[in-house]
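Structure at a glance
Letter by letter, the chains look like this.
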Amino acid sequence: MDAAALKARVNERVDARRSTLDDLSLQIHAHPELAFQERTAAGLLAGALEAEGVEVKRGVGGLETAFAAEFGKARPTVAILGEYDALPGVGHACGHNLMGTAAIGAFLALRDLASDLPGRVRVVGCPAEERGNGKNFLIGDGVFHDVDAALMYHPGDRDEIDPLMLALVSLEVEFHGKAAHAAAEPHEGRNALDALLLAWTALSALRLTVRSDSRFHGVITDGGKAPNIIPDRAAARFMVRSPDNAYLKDLQRRVIACFEGAATQTGCELKFEWSDACDLVSTNRPLADAFSANARTLGRVMNTRRPGDTHGSTDMGNVTSLVPGIHPFLSITDGPVPGHSIEFAAAAATPKAQETMRFAAKALAMTAIDALTDRGLVEKAKEAFDGHRH
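Think of each chain on its own: its residues are numbered from 1, step by step along the sequence as written. Under the rules for a predicted model, residues below a pLDDT of 70 receive no local features and side-chain atom pairs below 80 are neither given nor counted, while totals for whole chains, interfaces and linings still include all residues. Side-chain figures throughout are based on the complete set of non-hydrogen atoms in the structure, without hydrogens or water.

Considering the sheet that holds strand E11 (residues 325–326)
- Between any two strands, at least two bridges found by DSSP are needed for them to pair. Only DSSP runs of H or I with at least four residues qualify as helices, and only runs of E with at least two residues qualify as strands; both kinds are numbered from the N terminus onward. Spatially, E1-E2-E4-E3-E5-E11 is the arrangement adopted by the six strands of the open sheet, whose pairing is mixed. What marks the edges here is a single partner per strand, and that holds for strand E1 (57–58) and E11.
- Sheet topology places strand E3 (residues 77–83) next to strand E5 (residues 149–151); three bridges connect them, and they run parallel. Pairing of Ala79 across the sheet is with Ala150, part of E5.
- Along the sheet, helix H3 (residues 39–51) contacts E1, strand E2 (67–72) and strand E4 (120–126); its crossing angle with E2, the most-contacted strand, is approximately 20°. By definition, residues are in contact when any of their heavy atoms lie within 4.5 Å. Helix axes are fitted to C-alpha atoms over the stretch in contact, other axes to C-alpha atoms as well, and angles between N-to-C directions run from 0 to 180 degrees.

Okay, here's the thing in C-alpha cells:
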C-alpha cells in the first residue's frame, strides 16, 4: 500500500476517535497538575491506550507520571511525544492538555495500521516540561536510544514549523544572614533580603551588556518573615536563556557573579544550585519539510520563524540534541494571544483548540508514515542531524 493511502486511512482513524480525544483533552484541562504530579493526566492517557489493548509501561525513567508504549519491530523507530503538565496559578496556559492527547491519537491511529507499517512506533508520555526537565530522566533511561525520528507539536497562536526555543538553565539561590530586631539592634543583623536585592540590581545592570537574544528573569520566593525582623534568609528562582549553548555557559558565570558580589557586600552566605540545562531545539529540516507537506495536505500552511521571535525553552531541546526531531507550533487562537496567560488557558479548551489537536494527531501520524516508509527521509534526517552537531 502506498503512503498516500496509508495517510488517508490514518486520518480516518483519528476522526473515528474524535469524541474520545476531545473528552481526554477537556478532562485534563479541567484538572491542571504541576510538574511530576500529573497523576490524573497520565492515568487518563495511559488508560486510553490500555482500553484499546495497548500494553503500557508506566513509571518510565523512574518518574511516576511518565509512560511509554510501542508496536512493531526493527527499524526505523519513530517516537511521538506528548506533554500534560500545567502551570501554577494559570492552569493549562501552555496548552499541554492538547499535546498528550494528540500523541495518543496519532499513536492509536497508526497502531490500527500496524500490519501495513514497517518499523516501530513508540508513544512517550513526558511529565514535567514546565519545570523539572522531565525528558532528561527519559533520556537517561534509554527511551530514545534507538529512535530515528522524534515528533511532537506545541499549541500556539501561529502555525510555525521551526520556532526558536532557547537553551535554558534554572538557578535556585539562597542568602543566609543573621536575624536581629529591625528597630532596636539592626546593626547586630546581616540582612539576607538586602543581599538578594543588591544582586537583583546588579542583574538589571548586567542586562545592558548581554546579547539581545538572551534572557534572564526570576522571582523572589522568600523575602523574610516580618518587617520588624532583619531577614536571616532570602531566596529566589531564576531562569537564564540563550540561543547559543556556549554563550549560555558564559552567561551563567556572569549571572552568579552578581550574587557572589552581593554576598561579599552584605556579609551573607550564598548558596546556589544550577539545574540541568535545556538545550536549544534543533529543528530537523527533512522531518520539518515532511510535516509541512502533510499540514498543507490537511489545509494549513506552516510558516517559518519570524526574526526576533522566541518561544521560551523546552527539554525537547535535549531530545533534538540526541536524535533528529521537530517541535512545530500550531495555532489554537484567532489572533495573537500570549502563552502562559489566562487567555491562552481559556483558548486551550475551545472547539478550535480541539480541532487543532486532532489536526496535529493527523499531521504527526502522517509524518511518522513518511519516516517509516521512506528510508530516504530517515537517511536525510540523520545527515542533517549529524551536520548540526559539528
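Details of the packing of H3 against helix H4 (residues 96–111)
- Contact geometry for H3 and H4: axes closest at 10 Å, N-to-C directions at 10°. One finds that H3 runs roughly parallel with respect to H4. Contacts between H3 and H4 involve Leu45, Ala48 and Leu49 from the first element and Gly100, Thr101, Ile104, Phe107 and Leu108 from the second.
- Under the grouping applied here, Gly and all other residues not named as nonpolar or charged are polar, the nonpolar ones being Ala, Val, Leu, Ile, Met, Phe, Trp, Tyr, Cys and Pro and the charged ones Asp, Glu, Lys and Arg. Taken together, the residues that form the contact of H3 with H4 break down as six nonpolar, two polar and no charged. For classification, angles of less than 35 degrees are called roughly parallel, those exceeding 145 degrees roughly antiparallel, those between 65 and 115 degrees roughly perpendicular, and all remaining angles oblique.

Some remarks on the environment of Thr65
- Within the element layout of this structure, Thr65 appears in the loop between E1 and E2.
- Buried residues are those whose accessible area, probed at 1.4 Å on protein chains only, stays under 20% of the maximum for their type, while exposed residues exceed 50% and partly exposed ones sit between those limits. With relative accessibility at 2%, the residue Thr65 sits in the buried group.
- Each C-alpha atom, one on Thr65 and one on Pro127, is 6.2 Å from the other, the two residues being 62 residues apart in sequence.
- In contact with Thr65, other than residues within four places in its own chain, are Phe36, Gln37, Glu38, Arg39, Ala42, Tyr84 and Pro127.
- What qualifies as a polar contact is a pair of N or O atoms within 3.5 Å, subject to a donor-acceptor requirement within protein and to the restriction that residues adjacent in sequence count only when both atoms come from side chains. Polar contacts involving the side chain of Thr65 include one to the side chain of Glu38, which spans 2.7 Å.

Let's talk about the packing of aromatic side chains
- Paired rings are identified among Phe, Tyr and Trp, the last through its six-membered ring, by centres lying within 6.5 Å, and are further divided according to the angle between planes into stacked (under 30 degrees), edge-to-face (over 60) and tilted (the rest). According to the stated counting rule, one finds six aromatic pairs in the structure shown.
- For the ring pair Phe67 and Tyr84, a centre distance of 6.0 Å and an interplane angle of 15° mean the geometry is stacked. Taken as a pair, Phe67 in strand E2 and Tyr84 in the loop between E3 and H4 lie far apart in primary sequence, 17 residues in all.
- Judged by its relative accessible area of 3%, Phe67 falls in the buried class.
- What makes Tyr84 buried here is its relative accessible area of 1%.
- Measuring from ring centre to ring centre gives 5.4 Å for Trp200 and Phe238, while their planes differ by 55°; the resulting arrangement is tilted. One end of the pair, Trp200, is in helix H6 (residues 192–206); the other, Phe238, is in strand E9 (residues 233–242), with 38 residues separating them in the sequence.
- Residue Trp200 is classed as partly exposed on the basis of its relative accessible area of 29%.

A closer look at the pairing of E4
- Most of E4 is tucked away, with seven of its seven residues classed as buried.
- Residues of E4 alternate between two faces, with Arg120, Arg122, Val124 and Cys126 on one and Val121, Val123 and Gly125 on the opposite face, all of them buried.
- Two elements, E2 and E4, share six bridges in a ladder whose sense is antiparallel. The residue of E4 that forms the bridge with Ala69 is Val123.
- Both E3 and E4 contribute to a ladder of seven bridges, which runs parallel. Residue pairing in the sheet places Ala79 in a bridge with Arg122 of E4.
- Handedness of a crossover is defined as follows: with both strands directed away from the viewer, a clockwise route from the first strand across the helix to the second makes it right-handed. As for the winding sense of the linkage, the β-α-β connection from E3 through H4 to E4 is right-handed.

Topic: the environment of Ala86
- Its place among the elements puts Ala86 in the loop between E3 and H4.
- Judged by relative accessible area, which is 3%, Ala86 ranks as buried.
- Between the C-alpha atoms of Ala86 and Ser25, which are 61 residues apart in sequence, the distance is 13 Å.

Quick notes on helix H12 (residues 375–388)
- Spanning 14 residues, H12 covers 20 Å between terminal C-alpha atoms, matching the ideal 20 Å at 1.5 Å per step.
- Burial in H12 covers these residues: Leu377, Val378, Ala381 and Phe385. Relative to the axis of H12, the buried residues are bounded by an arc of 95° and lie together on one face. Residues of H12 that are exposed and point more than 90 degrees away from the buried face comprise Glu379, Lys380 and Glu383.
- Summarising the contacts, the buried residues of H12 are in contact with helix H8 (285–297), helix H9 (316–320) and helix H11 (351–373).
- Capping of H12 at its N-terminal end is provided by Asp374; its side-chain oxygen lies 2.9 Å from the backbone amide nitrogen of Gly376. Here the expected length of a helix is defined as 1.5 Å per residue gap, with one fewer gap than residues. As used here, the arc is the angular range of directions from the helix axis to the C-beta atoms.

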